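Each chain, letter by letter, is given below.
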Amino acid sequence: MLKLTYTENSFHLEHLNESLSDWVSTRVILALRSATKLHIEPSTAAFLIATESSLIPDLEQLSQEHPLEICPCDTSSAEVILKGTWLTSDIESETGIFVTTLRQSTELLLQHLFKTQQQPTTALVN
């Protein structure tokens, strides 16, 4: 499972070995026990990656097998668009957590691309 965390000023991507349903169930139970609002909905998320990486062709090939799109932005970056689930405590907020499940090799490749890029990353959630 991939977990993308969006805060006011940053974005973080990580690969978790937990199943999506177990992770969401735990979040729901935590929200209930702590009397915290939780909004969950299907959504898309996007983030930029540098196109100079030699791994981009692998990612483009994998995008044909998964709910994943690669859209060139300019000569130095491309946008990765994922389908998954958005969780937030405030429906009007742009902060929250996006989770999705892809093949583990794809998730690890995306995590590797995220970790190796030290440039500022722009992320969008719809």
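Residues numbered from 1 in each chain as written. Predicted model: local features only at pLDDT ≥ 70, side-chain atom pairs only at ≥ 80, totals over all residues. Heavy atoms only, no water.

Asks: Lay out the packing of aromatic side chains with the relevant residues and their values.
Replies: Throughout the structure, instances matching the rule amount to four aromatic pairs. Consider the rings of Phe 11 and Phe 114, whose centres lie 5.4 Å apart with planes at 85°: the pair is edge-to-face. Here Phe 11 is found in strand β2 (residues 11-15), whereas its partner Phe 114 is found in helix α3 (residues 104-116), with 103 residues between them in sequence. There is no split in this pair, since Phe 11 and Phe 114 are both buried. An aromatic cluster of at least three residues, connected via ring pairs, comprises Tyr 6, Phe 11, Phe 47, Trp 86 and Phe 114. (Phe/Tyr/Trp six-rings, centres within 6.5 Å; stacked < 30°, edge-to-face > 60°. Helix = DSSP H or I, 4+ residues; strand = E, 2+ residues; numbered from the N terminus. Buried < 20%, exposed > 50% of the residue type's maximum accessible area, 1.4 Å probe, protein only.)

Asks: Quick rundown of the pattern of salt bridges? Include the residues and the values.
Replies: Working definition: two side chains of opposite charge can pair if their charged atoms are close together. Within this structure, the stated rule accounts for one salt bridge. Here Lys 3 ties to Glu 14 by a salt bridge, and the two come within 3.4 Å at their closest N and O atoms. Of this pair, Lys 3 sits in strand β1 (residues 2-6) while Glu 14 is found in strand β2, placing the two residues eleven residues apart along the sequence. Classification of Lys 3 by relative accessible area gives buried; the value is 13%. Taking relative accessible area as the criterion, Glu 14 reaches 23% and is therefore assigned partly exposed. (Salt bridge = Lys/Arg side-chain N within 4 Å of Asp/Glu carboxyl O.)

Asks: How would you explain unusual backbone geometry if you had to name every residue and give the values?
Replies: Of note in the backbone geometry, Ala 35 takes a positive phi value of approximately 55° without being a glycine. For Ala 35, the position within the fold is in the loop between α1 (20-33) and β3 (39-50).

Asks: Residues and numbers for the confidence of the model for the protein chain, please.
Replies: The predicted model of the protein chain averages 84 in pLDDT, with 83% of residues at 70 or higher. Below a pLDDT of 50 lies the segment residues 118-122, which in the model reaches nine contacts outside its immediate sequence neighbourhood of four places, other chains included. (pLDDT = per-residue confidence, 0-100. Contact = heavy atoms within 4.5 Å.)

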